[in-house]
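# Secondary and tertiary structure notes
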Amino acid sequence: MVVAAPLDVDQVGAPGMTQGTPVIHRAPAARPALAPSLLVGLTSLVVYLLTLAPSITWQHHGADSAELAVAAAVLGVPHPPGYPTWTLLAWLFTHLPLAELAQRVALLSAFSAAATVAIVVWLVQALWPHQPGQRAAAVLAGLTLAFQHTFWSQAILVEVYALHALFVALICALTLPQAPNRPARRRVAAFLFGLGLGNHLSLIFFAPLLLWDGSPRFDGGAIVSAAQSRGFRDLTLLPLLAGLAVYLYLPLAAGRHPVLLWGDATTPGGFWWLVSGQLYRGALFGLTVPEMLMRAQSWLSLLAQPLTWPGLILAALGLWRLATQARRLALLTVGVALMVAIVALGYATADAFVYLLPLQVLAALWQAAGVLTLAAWLTRGRAGGWIWLLCLLPVALLWHNWANVDLSRDTEARQYALAALAAAAPDALLIADGDEHAFALWYAQDGLGERPDVAIVERTLWNFDWYRRHLVQRWPDLSAAAGPDVNDLIESQRGRRPIFITDPDEDMALRFELKPVGTLFEVAWPGSP
């Protein structure tokens, strides 16, 4: 049955009907109240602003924050897959007349996370408009999501994951609830889906939501599914392609040769190398089965923490309710969550857990369904008001996680970069190794304008032809003909530039004499004065 508004089904007698025949009463369409969404969103935003990182950070696996901040400032091309959507939006935040560059860009994460929380509150009300305890379920789902450790940690630094969660929430809000203008909303969802892929490619796992053709609702204990006969035909490719057009930014930006540039997106091969993430392809399912099991055990131990298991119980209760009364919605959300979890579980990087942020958005909806189930039970016992006590859970999360998440006083990465550049001699060649040190140095030089005379070379990237060409264009005295071995680059610069290294290895220690200078090591040749 196709319906345009929620229906109530009662087993009552009526003229012309036998006893027990369902009588369908059309209930007026209910619009979700904006006040709870705004209140929860603003509360979350205040917390995020109070704990926001003042600069770049190494905490919460945020080493990329330095590189991304520079990319936003110079409209460059960050590491694969290039993140064009994030870069363009972050560039707008760089123009705010306040704070340091990295903190201005971090505001994009804070606002994205707060908007995600607000949308979750709205979505709960839209999915279950007539269920007892609806407001409590919505507020609890939003605040619990807001103050989860991982979600909160990505809301207060320069990273792409908070914006990724926002795209997930927007697509859920446009596809899951029943609406008379579903075709129009589906087209908007398709556009945002394409645009969101320009922020993080793992959004592809949410493609099944674009095919969703019905909206199961709780109404008086009954589920009404609004099947849509047109289905996927209402979704044209044009909005999707319009969103994906954001990837045109990459060759346009590369053609400008900004100071931060990965790959060469001006050629078809270089473009595909960048957007397909070929550099990190080996990390996808790069863990062995025993390693994946160890990671799963570690993650499960985190979920078993005292302030986490009540939310897990609510989510399990909500999934049980959905499985019995809204099976298609349960299968849809669980299927998407499993795809996200499996990829995160097998991704061979230390920060793979942040890929679970979209799963937390879905878990918030399951928790809301669990709260609604409890509210229905309490209402039958005339104790429905007690459901609001569950909102003590996010308050406890806020109190418990604040000290562990707070970055408001973290300046370690910034101080390291400034001290390292200060230790380098004039016109030095500085060989940096690893994301933490190299990206921080990039930020100090190209984000803060410190020591433009120092030629900074990331040791691993020197292996790539495109990187050597880019650096030689910026510092012509560097020799691209030195080849991919950074030791040959050092030999070619002997007598031309003072040479310093952030993290020398054993091979360098055998080849050269290394003299500690502050946080760096100066390179000298055996027998030289």
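Remember, it's a predicted structure, so these values are computed and weren't measured experimentally.

## Things to note about the packing of aromatic side chains
If you walk through the whole model with that rule in mind, you get 14 aromatic pairs. Ring geometry for W58 and Y416: centres 5.6 Å apart, planes at 55°, overall tilted. With W58 in the loop between α1 (34-50) and α2 (64-74) and Y416 in helix α17 (residues 412-423), this residue pair connects regions lying 358 residues apart in the sequence. Note on Y416: relative accessible area 12%, which makes it buried. One aromatic cluster is present, built from ring pairs that chain together W262, W273, F439, W442, F464, W466 and Y467.

## Things to note about the side chain of H164
Within the secondary structure, H164 sits in helix α7 (residues 161-175). Take H164: its relative accessible area is 2%, and that puts it in the buried class. A polar contact is formed between the side chain of H164 and the side chain of S202, at a distance of 3.0 Å. Among residues more than four places away in sequence, those in contact with H164 are N199, H200, S202, L203 and P358.

## Considering the sheet that holds strand β6 (residues 455-458)
Remark on secondary structure: sheet strands pair via backbone hydrogen bonds, oriented parallel or antiparallel. Read from one edge to the other, the open sheet built from 5 strands follows the order β6-β5-β7-β9-β8, with strand pairing classed as mixed. In this open sheet, the two edge strands, each paired with only one partner strand, are β6 and β8 (513-517). In this sheet, neighbouring strand axes are inclined to one another by 30° on average, regardless of whether the strands run parallel or antiparallel. For strand β7 (residues 499-501) and strand β9 (residues 520-524), the ladder comprises 2 bridges, and the chain directions are antiparallel. Within β9, the residue paired with I501 across the bridge is F521.

## Quick look at the side chain of R459
The residue R459 is located in the loop between β6 and α19 (465-474) in this model. Look at R459 and you get buried, because its relative accessible area is 16%. If sequence neighbours within four positions are ignored, R459 has contacts with I431, A432, D433, V486, D503, D505 and M508.

What counts, and at which threshold
Residues numbered from 1 in each chain as written. Predicted model: local features only at pLDDT ≥ 70, side-chain atom pairs only at ≥ 80, totals over all residues. Heavy atoms only, no water. Phe/Tyr/Trp six-rings, centres within 6.5 Å; stacked < 30°, edge-to-face > 60°. Helix = DSSP H or I, 4+ residues; strand = E, 2+ residues; numbered from the N terminus. Buried < 20%, exposed > 50% of the residue type's maximum accessible area, 1.4 Å probe, protein only. Polar contact = N/O pair within 3.5 Å; in protein donor to acceptor, adjacent residues only side chain to side chain. Contact = heavy atoms within 4.5 Å. Pairing = 2+ DSSP bridges. Axes fitted to C-alpha atoms, helices over the stretch in contact; angles between N-to-C directions.

These values are about where atoms sit, not about what they do.
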